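Spelled out, the chains give:
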Amino acid sequence: MASGGKSAFYLRKGLRELSRHNPSRALAFIRQAVEQIPPSCEQELSKALYWLSIALLRLDQRDLAVKSLANAQKLRHQSFARKFYVRHVNQYGMIKRPTAELDDLYAFTSIQLSSYLIKRLSHRFGSEVEHSTVLKLILEAWKQLSKSEEFSSLECGEKLLLFKKIKIDFPIFGAYSTTLRFRDRQDMAYSRNSVSACSCGSGLSYTQCCGRVRSISEL
Ligand SMILES: [Zn+2]
């Protein structure tokens, strides 16, 4: 079978599993479809990535679903994937939460967790104690930050700059890797382009597009 035929075959199987309420089987087939599609077939790839995000949403893997959806709509700006993405993400390019305060909290937590885990071996917590200690410190920092009066008046890009600037003094757990600091360039982009249109030409704001907040499952 040619690659196009194979991917269409897997996508059909995946969609059938979705309609039978078997999202995990569907996910496996749709992943195979995505892998078969060459990057040059943008329309086909966008469609498969869109269905991948639907399977991930059904499995409640929201962070990965958003990543897939973000990629799907990037390939085709005039697609259903774009409409679906814009409807479901907040200004940080993350899944919308019930309140704006929760949107802020999830963005802050993701940024802090990522900057902690990026320094850890294999980007994972070594123990449950480490995990809960780090989370507790992040939430304490959040409480202080969110009750300050100036905070509520900031716009999204300014909040993001602040979230990245805040360095929490975490205790040291075990060995650290030394791969560090690829974020500095992105920080610069936030300050200039946060609400203006993304430079990639997508028509979305920078923070919803190339500068969206990535969750730790994307590390
Ligand atoms: Zn972009």
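Worth saying up front: this structure is predicted, and the values here are computed from it rather than measured.

(A) Representation of the nonpolar core in the model. Counting 32 residues, the largest nonpolar core has Ile30, Val34, Tyr50, Leu52 and Tyr85 as its most contacted members. In terms of residue count, helix 3 (residues 42–58) provides more of this core than any other element does, 8 residues in total. In terms of domain composition, this core takes at least three residues from each of domain 1 (3–88) and domain 2 (100–218). When residues no more than four places from it in sequence are discounted, the contact partners of Tyr85 are Val66, Leu69, Ala70, Gln73, Gly93, Leu204, Gln208 and Arg212.

(B) Representation of the coordination of the zinc ion within the structure. Coordination sphere of the zinc ion, protein contribution only: Cys198 (SG), Cys200 (SG), Cys209 (SG) and Cys210 (SG), at 2.3 to 2.4 Å. Metal-centred angles of 100 to 115 degrees between the 4 donor atoms at the zinc ion mark the site as tetrahedral. Here the donor residues of the zinc ion share one chain and are spaced in sequence as C-x1-C-x8-C-C. One end of the pair, Cys198, is in the segment after helix 10 (184–193); the other, Cys209, is in the segment after helix 10, with 11 residues separating them in the sequence. Taken as a pair, Cys198 and Cys209 share a single burial class, namely buried.

Parameters at a glance
Residues numbered from 1 in each chain as written. Predicted model: local features only at pLDDT ≥ 70, side-chain atom pairs only at ≥ 80, totals over all residues. Heavy atoms only, no water. Core = buried A, V, L, I, M, F, W, Y, C linked by side-chain atoms within 4.5 Å. Buried < 20%, exposed > 50% of the residue type's maximum accessible area, 1.4 Å probe, protein only. Helix = DSSP H or I, 4+ residues; strand = E, 2+ residues; numbered from the N terminus. Domains from an automatic or database assignment. Contact = heavy atoms within 4.5 Å. Donors = N, O, S within 2.8 Å, 3.2 Å for Na, K, Ca; no water. Tetrahedral: all angles 85-135°; square planar, octahedral: opposite > 155°, others 65-115°.

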